[in-house]
Every structure is written in structure tokens, then in C-alpha cells.
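Per-entry structural report
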Amino acid sequence: MKVRDLKNNILNIKQEFSGYFKERDAEINGSLLALLSGEHILLLGPPGTAKTLLANKICETIEGGNFFHYLLTRFSTPEEVFGPLSLKALEKDEFSRRVEGYLPTAHIALLDEIFKANSSILNSLLTVLNERKYHNGKEVMDVPLFSVFGASNELPEEDESLEALYDRFLFRYSVDYIQHEENLEDLIFENTEDFLPSTKLSIDDIREIRKKARDMSVDPEVRAIIRGLRRELKNSNIFVSDRRWKKIINVLRVASAVNGHTSVNRMTVVLLQHMLWDLPEQKETIRKLILDRVVYGGTDTGKLKQNVLDLRNSVYICLQQELPDPVSCNKCFEEEKKTTGGMRTSRFTGAKAPKSLTFNNALDFLKHHTEFPTHTYSFGLEYSNINGALSFEAVAEQFRRRNGFEFKLSLDYGDKKLYEKEYENLEERLNYFRKQVQEEEKALEETLRENIWVSGQDSKEILMKYRSKNTDIYEIASHLNEIRTLLEKPKIFDVELEKAEVA
């Protein structure tokens with residue numbers, strides 16, 4: 001089968017299963033990928049979450065293979081899993097089991113309550129899972145096993161043998177009850193017939209895709225992500241064995257081969273969130289670490305943002321004049337007395353500041369008056385009846401008469417020309433970056449759309465993270481608008497000056 005046909009088959013299977021198993025997209029993806037890559041998958045969760053049913057139906061998608069299913073208890077015996085003793089062999093004084101129809105001859109197996117396996121089963125089970133070998137008396141036989149689906153209501157207790165068994169499951173999913181009401185209603189009220197998967201995968205398909213994936217290259221950025229993740233996980237006291245990392249890379253190769261890629265790219269790294277955790281409470285930490293690294297890079301607007309802020313600050317410095325006397329806002333002072341410790345957010349700077357404001361420079365005074373045109377002011381180091389409750393215009397007139405002070409409402413010609421040229425350059429760079437970001441986002445959406453292993457929820461979160469990383473574009477545009485206003489000599493300031501001259 002061609003890779004494109006296999007990918008279409010996988011998509012059809014995913015669509016069939018998603019229509020029947022609500023809110024299980026990630027588990028469906030992992031189950032199919034475990035089959036294709038030859039790894040084992042654990043479904044961990046409370047009773048009644050369809051863990052066993054999902055595993056059973058996934059196994060039914062494989063045609064031409066043997067399937068073994070067993071519910072383990074602490075009293076289960078090796079005969080129930082590996083087959084009964086051969087009486088004919090015993091007659092010859094030999095130990096051998098009749099394994100046909102049991103785990104040693106299965107391609108796919110479902111072991112329910114896997115961690116209830118006792119010591120009489122565990123040693124042979126570990127060898128089968130890891131080495132695909134079964135010691136049947138004197139004979140060491142190859143086991144055709146592709147994947148074992150383990151289901152359990154709880155994690156294994158502290159037992160060295162059970163921990164070793166747990167480590168054999170590369171894919172791990174914590175399955176919860178259905179969360180959304182409409183999905184729950186579909187489940188409990190609709191009379192749906194028993195689900196029978198119509199699309200199948202053959203044993204040959206699985207072997208062929210593994211062969212294609214074997215020598216696939218891994219992109220340098222994926223290697224860098226893996227190195228960074230290993231360091232972060234160690235710092236969080238989460239340790240992943242070398243064997244596990246080796247298996248993970250193999251899974252990423254298989255996933256990329258099914259997608260029709262020529263190498264493993266960084267979007268496939270999203271799958272690692274289901275292969276690295278030991279305890280369910282580690283899931284969100286690991287998921288965040290992975291998504292942060294998947295959504296790294298893109299257009300770097302940091303330098304542009306700093307250049308814009310530097311220009312804005314330079315313009316402010318040129319426009320600032322020291323006032324002859326400090327000016328205080330009476331209204332803000334009264335409001336602060338009523339709400340002690342009250343804070344306000346300036347729409348100009350976005351910063352939190354005390355409501356009782358005292359201004360030492362003309363620009364801040366003008367900005368405050370523009371924001372609160374009805375407030376009155378006092379000036380001088382002390383409040384007095386003479387200098388209290390003055391309008392903005394009255395303060396400006398007092399400063400002009402007493403101190404010969406005139407508000408500087410625009411830049412000098414030379415400064416203005418210099419800043420205008422720099423502003424135009426920064427605006428041109430912003431437009432370039434804005435276009436780049438749009439193109440990158442479009443390419444990211446396309447990459448997510450064609451990668452069949454990234455779930456809808458993961459795609460949505462990746463796009464949200466990417467967009468949040470590019471909020472600098474909007475901040476830069478806002479700062480440039482502010483600079484343009486300062487360079488254009490704000491009309492409102494002209495009006496205020498005319499009022500002051502008439503007063």
C-alpha cells in the first residue's frame with residue numbers, strides 16, 4: 001500500500017472512532033500509532049470510561065492477525081495467558097506449552113487490569129513485551145506481537161517487578177469521564193448500534209511503514225528540542241531512560257512516515273506529551289514544556305520593539321519642560337483621601353499610579369489634563385487659597401505672567417525631521433514584520449492541518465500560543481501611533497494653548 005493510501009486509511013479509522021468514542025481523540029491517535037510503531041499502550045482511568053472497549057475495537061481494525069484478550073486477577077495462572085501444558089511433551093519428560101491461541105502467538109493483545117499480574121506471570125510477560133521472545137521449555141520462540149494494550153483502574157503499587165512492567169508501556173493515557181454535556185447525552189440517550197470498524201489495516205501495511213521509517217532523518221530543531229526537554233525534565237526530577245528515548249524517536253519516525261514527510265519535524269514532537277510522564281500529575285507540566293518548545297521561534301520582533309520604545313522615550317524627553325512650580329491635581333487628591341491607597345491606570349502609559357498626582361514637567365501635566373479635562377489644580381510647594389482650585393488654563397496663564405513660561409507643544413524643526421525619518425523607518429519595518437507573522441501563521445495552520453497525529457485540542461492550543469508570542473506586533477503599532485501623535489503636534493494641545501492665551 002502506498003503511504004498516501006495508508007494515511008487515508010488512518011484518517012478514515014480516526015473519523016469512525018471519533019464519531020463513536022467521544023472526547024477520545026488523543027487516545028485514538030495513540031492507539032493507532034502504538035500499533036504502527038510496535039509499542040505498547042496503557043489506558044489508565046476509573047471503571048466505566050470505555051478503556052477496554054476502545055482497545056478492543058482498535059484491535060479489530062487489524063486484519064490477518066491473531067488477537068488475544070484476557071482479564072487478569074491476582075489469582076491468574078500462566079496457563080491462562082501463555083497456554084496449557086502439553087501432555088504429549090510431558091510424556092517425553094519435557095516442559096512445553098500449547099501456545100496456539102494464547103499470548104505467544106498473538107499479533108495484538110489486550111490485557112485488562114494489567115497490574116494485577118502476579119509474579120508467576122510477570123517474568124515471562126516482561127520478556128514478551130520487551131524482547132518479543134517466549135521461553136517455552138527448552139525452545140525460545142519468536143513472538144509476532146505488535147502491541148499490547150494494557151488497561152487499569154490504578155497505577156501499580158510500589159513493587160520493582162510492576163514498575164518494570166509499567167515502564168514497558170511507552171504510550172500512557174489518563175482516561176477520564178466525558179466532560180461535555182452534549183457528548184454525554186449522545187452516549188446515554190441515543191440508541192446507537194454496536195460499533196464495528198469498517199476500515200482495516202493489514203499486517204503487511206504495518207511492516208511496510210516501519211521499514212520506510214527506519215532510516216528517516218530527524219530535523220536539527222527536533223534534536224535541539226529533545227536536548228532541552230531532557231534538561232528541563234531532570235530539573236523537575238522526572239527521569240526518562242535512554243531506552244525510552246530511543247523508542248520515542250522511533251515513534252516520531254513512524255508518525256512522520258505515515259504523514260508522508262521526508263524527515264521528523266517539530267510538530268510531531270507534540271506526541272511526546274503522552275510518552276514522558278510517570279504520574280498523572282506530571283502531565284500538564286510536561287505538556288506545557290513541550291508546547292512551549294514546539295511554538296518557539298518565528299519572527300523576532302524584540303529588537304524592533306526596543307527601537308520603537310527608545311524613539312518614543314527620546315521624543316518625550318525633547319518635549320518635556322520642567323514646570324516653574326510643581327502642580328498637583330485637587331480632584332485626584334480628594335479621591336485618594338476617600339479610597340486610601342487607591343490606584344489608577346493611565347490610558348497613556350498603561351501604568352498604575354497613585355491618584356494624587358503631582359507634576360514636575362509640562363508634558364505629564366498636559367497629558368493628565370487631556371485625560372481629565374474637568375479637574376482643577378494647585379501649584380507651589382504648599383496648597384493655598386490663592387493657588388488652589390485653578391483650571392488648566394488658569395495655571396498656564398499664571399505661569400506665563402509670573403515666570404514667562406510658555407508650553408512647548410512641538411519639537412524643534414531639526415529634531416522633528418530627524419525623528420520623522422526614524423519613525424518612517426520603524427513603520428516600514430513593522431509592516432514587513434506584520435506580513436511575515438501572517439505568512440508564518442498561515443504556514444503553521446497548514447502544517448497542523450496535514451499532520452494527522454496532532455489532535456484538534458493540541459492544534460488550537462499551539463495556534464493560541466503562537467499568536468500570544470506575537471502580541472508585540474500590536475504593542476509596537478500602539479507605540480508608533482503615540483509617537484506619530486507627538487510628532488504631529490496634537491491638536492487638543494493647540495486648543496488648550498489658545499484657551500490659556502484668551503484667559
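Check the entry above for the structure.
Residues numbered from 1 in each chain as written. Predicted model: local features only at pLDDT ≥ 70, side-chain atom pairs only at ≥ 80, totals over all residues. Heavy atoms only, no water.

As for the pattern of salt bridges
So the rule is basically this: The working definition used for a salt bridge is a side-chain nitrogen of Lys or Arg within 4 Å of a carboxyl oxygen of Asp or Glu. What counts as a helix is a DSSP run of H or I of at least four residues, what counts as a strand is a run of E of at least two, and both are numbered from the N terminus. Summary of the burial criterion: residues with accessible area below 20% of their type's maximum are buried, those above 50% are exposed, and those between are partly exposed, where the area comes from a 1.4 Å probe applied to protein chains only.
Per the counting criterion, the structure on display carries 24 salt bridges. For D167, the salt bridge identified is with R244, shortest N-O distance 3.6 Å. One end of the pair, D167, is in helix 7 (residues 160-167); the other, R244, is in helix 11 (residues 242-259), with 77 residues separating them in the sequence. Classification of D167 by relative accessible area gives partly exposed; the value is 24%. When salt bridges with common partners are traced through the structure, they connect D167, R243 and R244 into a single cluster.

Side note on the environment of F239
Test applied: The contact definition used throughout considers only heavy atoms, calling two residues in contact when any of these lie within 4.5 Å.
Structurally, the position occupied by F239 is in the loop between helix 10 (220-235) and helix 11. Its relative accessible area of 56% is what places F239 among the exposed residues. Placed 37 residues apart in sequence, F239 and L276 show a C-alpha to C-alpha distance of 8.6 Å. Setting aside chain neighbours within four positions, we find F239 in contact with K234 and D278.

So, the sheet that holds strand 4 (residues 108-112)
Here is the rule: Two strands qualify as a pair provided DSSP detects at least 2 bridges between them. Under this scheme, a helix contributes an axis fitted over its contacting stretch, all axes are lines through C-alpha atoms, and angles between N-to-C directions fall in the 0 to 180 degree range.
Here we have five strands laid out as an open sheet, ordered 3-4-7-1-8, and parallel in their pairing. Edge positions in the sheet fall to strand 3 (67-71) and strand 8 (169-174), since each of these pairs with one other strand and no more. Mean inter-strand twist for the sheet, computed between neighbouring axes without regard to direction, equals 15°. Relative to strand 7 (residues 147-152), strand 4 runs parallel, the two sharing five bridges. When the bridges of strand 7 are listed, D112 appears paired with A151.

What to know about the pairing of strand 6 (residues 139-142)
Bridge analysis of strand 5 (residues 133-136) against strand 6 gives four bridges, and the strand direction is antiparallel. Note on strand 6: the bridge partner recorded for Y134 is M141. The antiparallel pairing of strand 5 with strand 6 creates a hairpin that spans two residues between the two strands, and G137 there sits at a positive phi of about 70°.

Structural notes on the layout of surface pockets
Just so we agree on the cut-off: Only protein atoms enter the calculation, which uses a 1 Å grid: trapped sets of points that fit a 1.4 Å probe without letting it out are cavities, open sets showing protein on both sides within 12 Å along at least five of seven lines are pockets, and any residue with an atom within 4 Å of a point is a lining residue. Grid points are joined across faces, edges and corners, and a volume is the space filled by probe spheres set on the points. Basically, the charged four are Asp, Glu, Lys and Arg, the nonpolar ten are Ala, Val, Leu, Ile, Met, Phe, Trp, Tyr, Cys and Pro, and anything else, Gly included, counts as polar.
Here the largest pocket defines a volume of roughly 820 Å³. Considering the residues around the largest pocket, the lining is formed by 28 residues, among which E23, D25, A26, E27 and Q457 are closest to the centre. Counting residues per element, the lining of the largest pocket draws most heavily on helix 18 (residues 456-469), at four residues. Residues of the lining of the largest pocket, tallied by class, amount to six nonpolar, ten polar and twelve charged.

Some points on the nonpolar core
Applied cut-off: By nonpolar core we mean a set of buried residues, namely Ala, Val, Leu, Ile, Met, Phe, Trp, Tyr and Cys, connected to one another through side-chain atoms within 4.5 Å.
Grouped together as the largest cluster of nonpolar side chains are 122 residues, with contacts concentrated most on L165, L272, W453 and I462. Ignoring any residue separated from it by four or fewer positions in sequence, one finds L165 in contact with I114, F115, L122, L125, L126 and L129. If you look at the next biggest cluster of nonpolar residues, it comprises 18 residues, including C329, A362, Y377 and V395.

Considerations on empty space enclosed by the protein
Taking a probe equal in size to a water molecule and rolling it over the atoms shows the remaining empty space. Inspection of the entire model under this criterion finds five cavities of 30 Å³ or more. Taken together, E39, H40, L129, N130, D167, R168, R243, R244 and K247 make up the full set of residues lining the largest cavity. Elements with a contribution of two residues or more to the lining of the largest cavity: helix 6 (119-131) and helix 11. Ranked by residue count, the leading element in the lining of the largest cavity is helix 11, at three residues. For the lining of the largest cavity, a count of residues per class yields one nonpolar, two polar and six charged.

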